[in-house]
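Listed below are the residues making up each chain.
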Amino acid sequence: MELKDTKQTIEVIKQLVQIPSPSGNTGRVIQFVQKWLEERKIPSVITNKGSLIVTAEGEDTSKHRVLTAHVDTLGAMVKEIKGDGRLKLSMIGGFRWNAAEGEYCSVETSKGNTVTGTILMHQASVHVYKDAGTANRDEQNIEVRLDEVVHNAEDTRALGIEVGDFVSFDPRVEVTQSGFIKSRHLDDKASVGILMSVLEKIHTGGEKLPYTTHFIIANNEEIGYGGNSNIPQETVEYIAVDMGALGDGQASDEFTVSICAKDSSGPYHYGLRKQLVELAQKYDIAYKVDLYPFYGSDASAAMKAGHDVKHGLIGAGIDSSHANERTHVTSIYHTEALIYRYITAVMPKE
């Protein structure tokens, strides 16, 4: 595998981030993934909860591996239609309102129509509001200005908008000449794109993996649970492929694969973490071991649900998580390389 092989992965990620899919409304993007797989003759199953599973049967069918990445994103829901026709919002997922302020958005009505708008402070104009810079960025002050002629709540309802409609943030995806990909929703659509590319690689090459391996594209991670009701009983190892969080005191960066040792849920499985590090070292994969202080993954959720598995967490380093995110093609490459080496490797003896 060479760095140029990630070109297709980047293109898939670009397509994924442009499909609105806040937690609770992920049908379109799951269908996109399934169609992409069908075009490559890779069978998949959609679960009752709406996640997607691909199973690659291995030489050993008594021990299974699971890799999961999530396609759901942060977003919002219409909480109230104000008297002037603007919208109050309720968060979907864990972000801060200041991270969404000024962002373009789209409101999907229950009939499937889309109305665009902008997420703004009510006190946006510095020429009118003395507290424009100091007012709290919260549910009371943040609102959506719709790109339609509305003067009151009745005008807004005439557009088909009602309480409970989903609101998606525009990704504004861009790939720079220097190799950065910047976009909202790289958490965790970068990882979904990586798993899709790995699936195509092993399918096209006709590779038989050492163990039956399940790839779960989860759709509820941002609200605390993903594909964990679909973990087969034979599963021994479970790896969440999610972002590496960057910031002060963090070891991760935008150019390596991040291997998590501990997050807010506690330490990840030490033996599995060492196995991943050894594979990275053996195959010259650039990596960083890191701790994420305010983080939880589908792997940690699986442990809380009582699954008897060895759990791990790896991912590309994503700057400004849950805000205006960015990573580099080299981080995508090293993450993809480590996943491929992992699923083709034999489990170490106890």
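None of the values given here were measured: they were computed from a predicted structure.

Draft legend 1. Layout of the packing of aromatic side chains. This model, assessed by the stated rule, comprises four aromatic pairs. Ring geometry for F95 versus W97: centroids 5.4 Å apart, planes at 85°, classification edge-to-face. The same class applies to F95 and to W97, which are both buried. Ring centres 6.0 Å apart and planes at 65° place the aromatic pair F180 and F255 in the edge-to-face group. With F180 in strand β11 (residues 180-182) and F255 in the loop between β14 (244-245) and β15 (257-263), this pair connects stretches of sequence that are 75 residues apart. Ring pairs connect the aromatic residues F95, W97 and F169, which therefore count as one cluster. Over the face of the ring belonging to W36 we find R40, whose NZ or CZ atom lies 3.8 Å from the ring centre. Over the face of the ring belonging to F180 we find R326, whose NZ or CZ atom lies 3.7 Å from the ring centre.

Draft legend 2. Inspection of helix α2 (residues 27-39) at higher detail. Look at α2: 18 Å from first C-alpha to last across 13 residues, which is about the 18 Å you get at 1.5 Å a residue. What α2 keeps buried is the set V29, I30, V33, Q34, W36 and L37. Along the axis of α2, the buried residues cluster in a sector spanning 160°; they form a single face. In α2, the exposed positions that point more than 90 degrees away from the buried face belong to R28, Q31, K35, E38 and E39. Along its buried surface, α2 packs onto α1 (6-17), β1 (45-46), β2 (52-56), α5 (186-204) and β12 (211-218). Once α2 ends, the next one or two residues include K41, with phi positive near 60°.

Calculation rules
- Residues numbered from 1 in each chain as written.
- Predicted model: local features only at pLDDT ≥ 70, side-chain atom pairs only at ≥ 80, totals over all residues.
- Heavy atoms only, no water.
- Phe/Tyr/Trp six-rings, centres within 6.5 Å; stacked < 30°, edge-to-face > 60°.
- Buried < 20%, exposed > 50% of the residue type's maximum accessible area, 1.4 Å probe, protein only.
- Helix = DSSP H or I, 4+ residues; strand = E, 2+ residues; numbered from the N terminus.
- Lys NZ or Arg CZ within 6 Å of the ring centre and 35° of its normal.
- Expected span 1.5 Å × (residues − 1).
- Arc of directions from axis to C-beta.
- Contact = heavy atoms within 4.5 Å.

All quantities given are derived from atomic positions and should not be read as evidence of function.
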